[in-house]
Amino acid sequence: MARFLFPTEYYDSTYSINFEKYYKLGYRGIIFDIDNTLVPHNAMHDERSRKLFKDLKELGFKVCFVSNNKEPRVKEFNEEVGGQYIYKAGKPKKDGFQKAMNLMNTTRENTLFVGDQLFTDIWGANNAKLHSILVKQVAKKEEIQIVLKRLLEKPILLLYLMKHPLKHK
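Positions within a chain are numbered from 1, following the residues in the order the chain's sequence is written. Local features are withheld for residues below a pLDDT of 70 in this predicted model, meaning they are given only at 70 or higher, and side-chain atom pairs are given and counted only at 80 or more; totals for whole chains, interfaces and linings count all residues. Heavy atoms from the whole structure form the basis of all side-chain values; hydrogens and water molecules are not counted.

K.L.:
How do you make sense of the pattern of salt bridges when you look at a structure like this?
P.N.:
Should a side-chain nitrogen of Lys or Arg be within 4 Å of a carboxyl oxygen of Asp or Glu, the pair is scored as a salt bridge. Under the criterion given, the structure shown has nine salt bridges. For R73, the salt bridge goes to D35, with nearest N and O atoms at 2.4 Å. Placement of the pair is R73 in helix α3 (residues 71–79) and D35 in the loop between β2 (29–32) and α2 (47–59), with a sequence separation of 38 residues. Accessibility expressed as a relative area gives 10% for R73, which makes it buried. Working definition: with a 1.4 Å probe on protein chains only, accessible area under 20% of the residue-type maximum means buried, over 50% means exposed, and in between means partly exposed. When its relative accessible area of 10% is taken as the criterion, D35 is described as buried. Note that D121 and K91 form a salt bridge whose closest N and O atoms lie 2.7 Å from each other. Highlighted residues: D121 in helix α5 (residues 118–127) and K91 in the loop between β4 (84–86) and α4 (95–104), separated in sequence by 30 residues. For helices the rule is a DSSP run of H or I covering at least 4 residues; for strands it is a run of E covering at least 2, with both sets numbered from the N terminus onward.

K.L.:
Hey, could you run me through the environment of M104 in this one?
P.N.:
Looking at the element boundaries, M104 is found in helix α4. The spatial distance from the C-alpha of M104 to the C-alpha of D55 is 17 Å, given a sequence separation of 49 residues. Excluding its chain neighbours within four sequence positions, the residues that come into contact with M104 are G29, I30, I31, K62, V63, C64 and T111. Residues are treated as being in contact if the distance between any of their heavy atoms lies within 4.5 Å.

K.L.:
So what exactly am I meant to see when it comes to the packing of aromatic side chains here?
P.N.:
A ring pair, where both rings are aromatic, is described by two values, the distance of the centres and the angle of the planes. Two rings belonging to Phe, Tyr or Trp (six-membered ring only in the last case) form a pair when the distance between their centres is within 6.5 Å. Interplanar angles under 30 degrees mark stacking, angles over 60 mark edge-to-face geometry, and anything in between is tilted. Counting across every chain of the model gives twelve aromatic pairs. Ring centres 5.4 Å apart and planes at 65 degrees place the aromatic pair F53 and F65 in the edge-to-face group. With F53 in helix α2 and F65 in strand β3 (residues 62–66), this pair connects stretches of sequence that are twelve residues apart. Residue F53 shares its accessibility class with F65, and that shared class is buried. With centroids separated by 5.2 Å and ring planes inclined at 85 degrees, the aromatic side chains of F65 and F77 adopt a geometry described as edge-to-face. Of the two residues, F65 is situated in strand β3 and F77 in helix α3; the sequence distance between them amounts to twelve residues.

K.L.:
Which parts of the structure should I look at to understand the pairing of β3?
P.N.:
For β3, the tally of buried residues reaches four of five residues, placing the bulk of the element in the interior. Should DSSP find at least two bridges between two strands, the strands are taken to pair. In the sheet, β2 pairs with β3 via four bridges, with the strands oriented parallel. Bridge pairing links F32 to F65 in β3. By the criterion used throughout, a crossover qualifies as right-handed when its path from the first strand across the helix to the second strand runs clockwise, the strands pointing away from the viewer. Of the crossover connections in this fold, the one passing from β2 over α2 to the parallel β3 is right-handed. Two elements, β3 and β4, share three bridges in a ladder whose sense is parallel. In the strand pairing of β4, C64 is matched with Q84. Taking the sense of rotation as the criterion, the β-α-β connection linking β3, α3 and β4 turns out right-handed.

K.L.:
I keep staring at the side chain of N78 and nothing clicks. Help me out?
P.N.:
Looking at the element boundaries, N78 is found in helix α3. Within 3.5 Å is the distance limit for a polar contact, defined as a pair of N or O atoms, with the added protein rule that one can donate a hydrogen and the other accept it, and that residues adjacent in sequence qualify only through two side-chain atoms. Looking at N78, its side chain comes within polar contact range of the main-chain nitrogen of Q84, at 3.5 Å. Those residues in contact with N78 that lie beyond four places of it in its chain are F65, G83, Q84 and Y85.

K.L.:
Help me understand the nonpolar core in this model?
P.N.:
What we call a nonpolar core is a set of buried Ala, Val, Leu, Ile, Met, Phe, Trp, Tyr and Cys residues that are connected through their side-chain atoms within 4.5 Å. One finds I31, V66, F97, F113 and L130 to be the most contacted residues of the largest nonpolar core, which totals 24 residues. Setting aside residues up to four positions removed in sequence, F97 forms contacts with I31, K91, F113, D121, G124, A125, A128 and L130. Counting residues in each nonpolar core, the second largest holds 23 residues, with Y27, F32, F53 and F65 among its members.

K.L.:
Would you mind showing me how to read the side chain of N110 here?
P.N.:
Relative to the assigned elements, N110 resides in the loop between α4 and β5 (111–115). Those residues in contact with N110 that sit more than four places away from it in its chain are G26, Y27, R28 and G29.

Okay, structure coming up:
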């Protein structure tokens, strides 16, 4: 039940992930959701995200943002860090994830995904057969449709945590 919505791993924050560990394990590309994964909804980069992307580049990672948002939002967010991006990705469909891997010239085996929602982000990454990392949302204030999705996510997340207590970091 709901296993297609279970992440491979679950972290308190994008900023608590040890990306160096994943690089040592052979990962070379990271696909990120933007809103509430990296910054609050519709916000631009802050000092934490700037440092994260500087560190990821220094490690050798390629980065692609995959968002269901419109192009102006995703393009502007990407411009500061110079990665790749896919807008109107249609998550949870796998197409946006596959396009992102093509842009980064990576494969399922060496690409991570990081996002904050089960029904779009994790389901989509799992559809693309990626190592999926769920993170807690950056900001609690969200649009009503996302608040409603979060209510539906709660029982699934509780079930995941009961079955995978050691994968929560």
